[in-house]
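# An overview of the molecular structure
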Amino acid sequence: MKVSVVKIGGNLIEDDADLEQALNNFAQLEGLKILVHGGGKLATQLAQKMGIKTKMIQGRRVTDAQTLEIITMVYGGLVGKTIVSKLQAKQCNAISLSGADLNCIQSLKRPVKENDFGFVGDISKVNAQSFTTLLNAQITPVCCAITHDGNGQLLNTNADTIASEIAIALSSEYEVALYYCFEKKGVLRNVLDENSVITDIDPSSYKNLIAQGIIADGMLPKLHNCFHALENKVQHVYVGSIAMLANQDEIKTTLHLNQYN
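So, a few notes on the structure that sits alongside this text. (Residues numbered from 1 in each chain as written. Predicted model: local features only at pLDDT ≥ 70, side-chain atom pairs only at ≥ 80, totals over all residues. Heavy atoms only, no water.)

A general feature of soluble globular proteins is that nonpolar side chains tend to end up buried together. Counting 77 residues, the largest nonpolar core has I166, I201 and L223 as its most contacted members. Examining the composition of this core, we find that eight residues originate from one element, helix α4 (residues 65-89), more than from any other. (Core = buried A, V, L, I, M, F, W, Y, C linked by side-chain atoms within 4.5 Å. Buried < 20%, exposed > 50% of the residue type's maximum accessible area, 1.4 Å probe, protein only. Helix = DSSP H or I, 4+ residues; strand = E, 2+ residues; numbered from the N terminus.)

See below:
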C-alpha cells in the first residue's frame, strides 16, 4: 500500500492562490497521504505586530518562550486549522496535529553548544502507530512543525525533518513517496533560470553540486533530509513545485541513492 508524505513550504502557505492550488493537488492525490507544513514567515509577521523581535542564527530561528507561544498559535492554530478547513471543502477528511497530539512525534531539546537555539527540538521518535491508525480510518493527518519532549514541553522543529522522519517511520509498512513542494520547479542549476532544473541527483552528483556552489544555503539541509530518507528505506523522494502532485510527468528533481535506482 502506498502513502504520500507531502511537505509544503512557507511561501506557498503565504499566498492564498498558491495554497489553494497546493491543497487542490494534494486532495486529488490517490491513496493515503500526510501533509506537513511550517509557517515561519507568518509567525515572524505576528511577532513584529506584537513587538517581539525575531532572532536568527545562521538562518535558523531562535525559539525563546515568547516565540514558542507565537509559533504554537500560528502553526498549530491559524495555519493548521485553515489548511484542514480548506481540505474538508475538497472532500479530504483531515485533522490538524502537533507532535504532542496522539504522541505523534517526540523530540529532545537541542543541547547548547556554540549557540543556544532555545526551545528547538531534534526528533527522537515518530509514533508510526498513531499515523497508521488515522490513515486506516481514512483520516488525513496535517502536521505542523511542533513536537514535544514527553515531559510537557512543546518544541519548535524543522518541518523538512518532520516530513523525512514520518516517511522513514512508515516505510517499513508502506511504499512511501516523499514530496518537498516549494515555489520552484526543482533544484536549479542556475537560480536565475527557473527552467534549469536538475532532474536527477544521486550522492555523487550531490557532492559535486555542493563543491560547485550550485547547491547551497537552505537547499543543503533540505537535500540532506532527502538522502537521509532514502538511506532509511523511503522508496521515492522528489523536490519540486506543487504541479508534481497533479502530474507524475511534471518536471522535478528526483533523488536516488545511485544512478541505477
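α4 packs onto helix α3 (residues 40-49) with a crossing angle of 125° between their chain directions and a minimal axis gap of 9 Å. Our classification of the angle between α3 and α4 gives oblique. Considering only the axes of α3 and α4, their crossing is right-handed. Residue-level inspection shows G40, L42, A43, L46 and A47 of α3 in contact with α4, the latter providing I70, I71, V74, Y75 and V79. Taken together, the residues of the contact of α3 with α4 break down into nine nonpolar, one polar and no charged. (Axes fitted to C-alpha atoms, helices over the stretch in contact; angles between N-to-C directions. Parallel < 35°, antiparallel > 145°, perpendicular 65-115°, else oblique. Left-handed = near helix turned anticlockwise from the far one by under 90°. Contact = heavy atoms within 4.5 Å. Nonpolar A, V, L, I, M, F, W, Y, C, P; charged D, E, K, R; others polar.)

All right, on to the environment of D15 then. Mapped onto the fold, D15 is located in the loop between α1 (10-14) and α2 (16-28). A C-alpha to C-alpha distance of 30 Å links D15 and S107, two positions 92 residues apart in sequence.

Let's shift gears to helix α5 (residues 128-136). Looking at α5, one finds that the buried residues are S130, F131, T132, L134 and L135. Q138 sits one or two residues past α5 and shows a positive phi near 60°.

Phi is positive for N103, close to 55°, though the residue is something other than glycine. Following the sequence through the fold, N103 ends up in the loop between β5 (94-97) and β6 (105-109). You can call N103 partly exposed: its relative accessible area is 29%. Although it is not a glycine, D217 sits at a positive phi angle of roughly 55°. Relative to the helices and strands, D217 is located in the loop between α7 (203-211) and α8 (219-231).

We now examine the environment of Y238. Inspection of the secondary structure assignment puts Y238 in strand β13 (residues 236-240). Each C-alpha atom, one on Y238 and one on K252, is 6.9 Å from the other, the two residues being 14 residues apart in sequence. Those residues in contact with Y238 that lie beyond four places of it in its chain are A177, L178, Y179, Y180, M244, K252, T253 and T254.

The eight strands are arranged β5-β8-β2-β1-β11-β13-β14-β12 in an open sheet whose pairing can be described as mixed. Looking along the sheet, the strands with just one partner apiece sit at the ends: β5 and β12 (200-201). As paired elements, β12 and strand β14 (residues 253-255) share two bridges and run parallel to each other. Residue pairing in the sheet places I201 in a bridge with L255 of β14. Taken strand by strand, helix α6 (residues 159-170) contacts β1 (2-8), β2 (32-37), β8 (140-143) and β11 (175-181), and its axis lies near 170° from that of β11. Contacting β1, β11, β12, β13 and β14, α8 runs over the sheet at an angle of about 165° to β13. (Pairing = 2+ DSSP bridges.)

Turning our eyes to something else, we now look at the pattern of salt bridges. Where side chains of opposite charge bring their charged atoms close, a pairing between them can arise. For the structure on display, the rule yields six salt bridges. K90 is the partner of E20 in a salt bridge, and the nearest nitrogen-oxygen pair spans 2.5 Å. Highlighted residues: E20 in helix α2 and K90 in the loop between α4 and β5, separated in sequence by 70 residues. Judged by relative accessible area, E20 falls into the partly exposed class, the value being 29%. Accessibility expressed as a relative area gives 17% for K90, which makes it buried. In this structure, D160 and K222 form a salt bridge, with 3.0 Å as the shortest nitrogen-oxygen distance. Note that D160 is positioned in helix α6 and K222 in helix α8, a separation of 62 residues in sequence. For the pair D160 and K222, a shared accessibility class is recorded, and that class is buried. (Salt bridge = Lys/Arg side-chain N within 4 Å of Asp/Glu carboxyl O.)

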